[in-house]
Amino acid sequence: MTPWGKAKFDAARPSQGPHGVKLSETNDRVYKCAPPGMPYIYIQLFPVQIMQTPKEVIEFFEYDHIVRHIHTDGRKHPADVKPSYNGNSIGHWEGDTLVVDTIGLNGKNWLDRVGHPESNQMHILERIHRVDDKTLQVDFIFDDPKSYVRPWTAQVRFLLHPDWDILEHVCEDNLAFESFEH
């Protein structure tokens, strides 16, 4: 990490990991109902449904009904990207792999539940593909020169559950996260 990134990481009071604290003591904004943002949304323990149209791939997350649009119509990132929790995502297909380029993150949240920081300079490259008929894998490259001295990688996998439905989940209705600790 850069000195800025290390200072942010050291100031984090995550609910998990080696420096985990009780949920009532965390400064993780997600536990105060801030949107998790990209890629933190991927590690929420709620289902995601993915829909493809001719112009975009849409991810519907049960968690707080968050929707992410990945434009696949050949557009470029706008010159004046408005920072947001999920950023601006454009994608293209390389065979059966969806390659997603995301910029324009607002840097308000962490990358994960352990407190790894992101800044508004974060650039995420994802390679999304099926490993088999029941497993979807996302390979990440994170490049954030404000937070990290070099790009780094991570991976997440999703299992197919065709019998699951996206239910209503509203963070404000579930504010008593501390009840999950018992």
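From a predicted model like this one, the values you see are computed outputs, not experimental measurements.

Quick notes on the rules
Residues numbered from 1 in each chain as written. Predicted model: local features only at pLDDT ≥ 70, side-chain atom pairs only at ≥ 80, totals over all residues. Heavy atoms only, no water. Helix = DSSP H or I, 4+ residues; strand = E, 2+ residues; numbered from the N terminus. Rg over C-alpha atoms; globule rule 2.2 N^0.38 Å. Buried < 20%, exposed > 50% of the residue type's maximum accessible area, 1.4 Å probe, protein only. Contact = heavy atoms within 4.5 Å. Areas by Shrake-Rupley, 256 points an atom, 1.4 Å probe, with all protein chains shown as cover. Lys, Arg positive; Asp, Glu negative; His and termini not counted. Charge placed at Lys NZ, Arg CZ, Asp CG, Glu CD. Core = buried A, V, L, I, M, F, W, Y, C linked by side-chain atoms within 4.5 Å. Salt bridge = Lys/Arg side-chain N within 4 Å of Asp/Glu carboxyl O. Pairing = 2+ DSSP bridges. Axes fitted to C-alpha atoms, helices over the stretch in contact; angles between N-to-C directions. Phe/Tyr/Trp six-rings, centres within 6.5 Å; stacked < 30°, edge-to-face > 60°.

Caption draft 1: Representation of the overall build of the protein chain. For the protein chain, the count of helices and strands is one helix and eight strands. Each helix and strand of the protein chain, placed in order from N terminus to C terminus, yields the pattern α-β-β-β-β-β-β-β-β. Relative to a compact globule of 182 residues, whose C-alpha radius of gyration would be 16 Å, the protein chain shows 17 Å and is just as compact. Seen along its three principal axes, the alpha-carbon backbone of the protein chain occupies a region of about 45 × 40 × 30 Å. Looking at the protein chain as a whole, 41% of its 182 residues qualify as buried. Restricting to contacts in the protein chain with at least 6 residues of sequence separation, those with at least 24 account for 46%. With the model as given, the accessible surface of the protein chain reaches about 10400 Å², and the carbon-plus-sulfur share is 54%. Across the protein chain, 19 positive and 27 negative side-chain charges occur, with their mean positions spaced 6 Å apart.

Caption draft 2: Structural context of the nonpolar core. Membership of the largest hydrophobic core comes to 27 residues, with the highest contact counts inside it found for Tyr42, Met122, Ile124, Ile128, Val138 and Phe140. Sorting the residues of this core by element identifies strand 2 (56–61), strand 5 (97–103), strand 6 (123–132), strand 7 (135–143) and strand 8 (152–159) as the ones contributing at least two each. If sequence neighbours within four positions are ignored, Phe140 has contacts with Pro39, Tyr42, Ile124, Leu125, Glu126, Trp152, Thr153, Ala154, Gln155 and Val156.

Caption draft 3: Local environment of the pattern of salt bridges. Counting across every chain of the model gives six salt bridges. In this structure, Glu25 engages Arg13 in a salt bridge whose closest nitrogen and oxygen atoms are separated by 3.7 Å. Remark: Arg13 occurs in the loop between helix 1 (3–11) and strand 1 (48–52) and Glu25 occurs in the loop between helix 1 and strand 1; sequence separation between them is 12 residues. What makes Arg13 partly exposed here is its relative accessible area of 37%. Salt-bridge contacts for Arg68 lead to Glu126; the nearest nitrogen and oxygen are separated by 2.5 Å. Within this pair, whereas Arg68 is found in strand 3 (residues 67–71), its partner Glu126 is found in strand 6, the two being separated by 58 residues in sequence. Through salt bridges with shared partners, a single network forms among Glu59, Arg68 and Glu126.

Caption draft 4: Main features of the sheet that holds strand 1. In space, the eight strands of this open sheet follow the order 1-2-3-4-5-6-7-8, with mixed pairing throughout. Each having just a single partner strand, strand 1 and strand 8 make up the two edges of the open sheet. Mean inter-strand twist for the sheet, computed between neighbouring axes without regard to direction, equals 25°. The sheet contact formed by strand 2 and strand 3 spans five bridges and is antiparallel. The residue bridging Phe60 from the neighbouring strand is Val67, located in strand 3.

Caption draft 5: Representation of the packing of aromatic side chains. A complete count under the given rule lists seven aromatic pairs for this structure. Between Tyr42 and Phe61 the ring centres are 6.0 Å apart and the planes differ by 50°, which places this aromatic pair in the tilted class. Here the residue Tyr42 occupies a position in the loop between helix 1 and strand 1, and Phe61 occupies one in strand 2, the gap between them amounting to 19 residues. The pair formed by Tyr42 and Phe61 is uniform in burial state, with each residue classed as buried. An aromatic cluster is defined as three or more aromatic residues linked by ring pairs; in this entry it consists of Tyr42, Phe61, Phe140, Phe142, Tyr148, Trp152 and Phe158.

Caption draft 6: Region of interest: the pairing of strand 1. As paired strands, strand 1 and strand 2 are joined by five bridges and run antiparallel to one another. Bridged to Val48 within strand 2 is Phe61. In this antiparallel pair of consecutive strands, strand 1 and strand 2, the connection spans three residues.

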